[in-house]
Amino acid sequence: MAEKKTTKKAATTEVAAEKKAPAKKAAAKKVEVAINAENVGFKAGDVYQALAAAGKALTVAEIAKAAKIATEEVYLGIGWLFKEGKVKGEGNLVALA
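Residues numbered from 1 in each chain as written. Predicted model: local features only at pLDDT ≥ 70, side-chain atom pairs only at ≥ 80, totals over all residues. Heavy atoms only, no water.

Enquirer: Just to check I follow, could you spell out the overall build of the protein for this structure?
Expert: Secondary structure assignment for the protein yields four helices and two strands. Secondary structure elements of the protein, listed N to C terminal, follow the sequence α-α-α-α-β-β. Burial status across the protein gives 24% buried among its 97 residues. A sequence separation of at least 24 residues applies to 51% of the contacts in the protein between residues at least 6 apart. Accessible surface, the protein: about 7,600 Å² in total, of which carbon and sulfur atoms supply 58%. (Helix = DSSP H or I, 4+ residues; strand = E, 2+ residues; numbered from the N terminus. Buried < 20%, exposed > 50% of the residue type's maximum accessible area, 1.4 Å probe, protein only. Contact = heavy atoms within 4.5 Å. Areas by Shrake-Rupley, 256 points an atom, 1.4 Å probe, with all protein chains shown as cover.)

Enquirer: I'm lost on the pattern of salt bridges in this one. Help?
Expert: Side-chain pairs of opposite charge can arise where the charged atoms are in close proximity. Under the counting rule described, the total for this entry stands at three salt bridges. The salt bridge partner of Lys86 is Glu84, with a shortest N-O separation of 3.7 Å. Classification of Lys86 as partly exposed rests on a relative accessible area of 39%. For Glu84, a relative accessible area of 43% corresponds to the partly exposed category. (Salt bridge = Lys/Arg side-chain N within 4 Å of Asp/Glu carboxyl O.)

Enquirer: Looking at this model, I keep getting lost on the pairing of strand 2 (residues 93–96). Mind explaining?
Expert: As a general feature of sheets, a regular strand has side chains that alternate between the two faces. Here four bridges tie strand 1 (residues 87–90) to strand 2, and the two strands are oriented antiparallel to one another. Directly across from Lys88, in strand 2, lies its bridge partner Ala95. The turn joining strand 1 and strand 2, which pair antiparallel and follow one another in sequence, is formed by two residues; a positive phi near 70° is taken by Gly91. (Pairing = 2+ DSSP bridges.)

Enquirer: Help me out: how do you make sense of the nonpolar core in this one?
Expert: One recurring pattern in soluble globular proteins: nonpolar side chains tend to sit buried together. In terms of nonpolar packing, the biggest core is built from 15 residues, with Val47, Leu51, Ile63, Val74, Ile78 and Val94 touching the most fellow members. Elements supplying a minimum of two residues to this core: helix 2 (37–54), helix 3 (60–67) and helix 4 (71–84). Val47 has contacts with Ile63, Ile69, Val74, Gly77, Ile78 and Leu81, leaving out every residue within four places of it along the chain. (Core = buried A, V, L, I, M, F, W, Y, C linked by side-chain atoms within 4.5 Å.)

Enquirer: Just to check I follow, could you spell out the confidence of the model for the protein for this structure?
Expert: A low pLDDT score tells you not to read the predicted coordinates there in detail. For the protein, mean pLDDT is 83; residues scoring 70 or higher make up 69% of the total. The element-level mean pLDDT for the protein is lowest in helix 1 (residues 2–20), coming to 55, with helix 3 highest at 97. (pLDDT = per-residue confidence, 0-100.)

Enquirer: How should unusual backbone geometry be read in this particular structure?
Expert: With glycine set apart, most residues show a phi of negative sign, and most peptide bonds adopt trans. With phi around 60°, Lys68 is a residue other than glycine that occupies positive phi space. Mapped onto the fold, Lys68 is located in the loop between helix 3 and helix 4.

Enquirer: I tried to follow the packing of helix 3 against helix 4 on my own but got confused; where do I start?
Expert: Axis separation between helix 3 and helix 4 bottoms out at 9 Å; the angle between their running directions is 105°. Accordingly, the angle class assigned to the pair helix 3 and helix 4 is roughly perpendicular. Contacts between helix 3 and helix 4 involve Val60, Ile63 and Ala64 from the first element and Thr71, Val74, Tyr75 and Ile78 from the second. Tallied by class, residues from the contact of helix 3 with helix 4 come to six nonpolar, one polar and no charged. (Axes fitted to C-alpha atoms, helices over the stretch in contact; angles between N-to-C directions. Parallel < 35°, antiparallel > 145°, perpendicular 65-115°, else oblique. Nonpolar A, V, L, I, M, F, W, Y, C, P; charged D, E, K, R; others polar.)

Laid out in structure tokens, this is it:
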């Protein structure tokens, strides 16, 4: 019977140790961006609307936050708008042209 008690105690100790172990950090989410004309056009619209609503030049991070899209998607939208001549760069800021 002594063997059963030690086995039970060892199992309990292992379970307690597992509960106290710090949780592993989740890996950063990888953004999947569909690269096609329709999706990039929509992202360009999101960027344009964010800049128009702000009424001033914004950084890429500020645009991403305002438009609620990933920074990678902001870059796609900015590229589209640069090609059309609708935005201009001001240092590290982007503004409507």
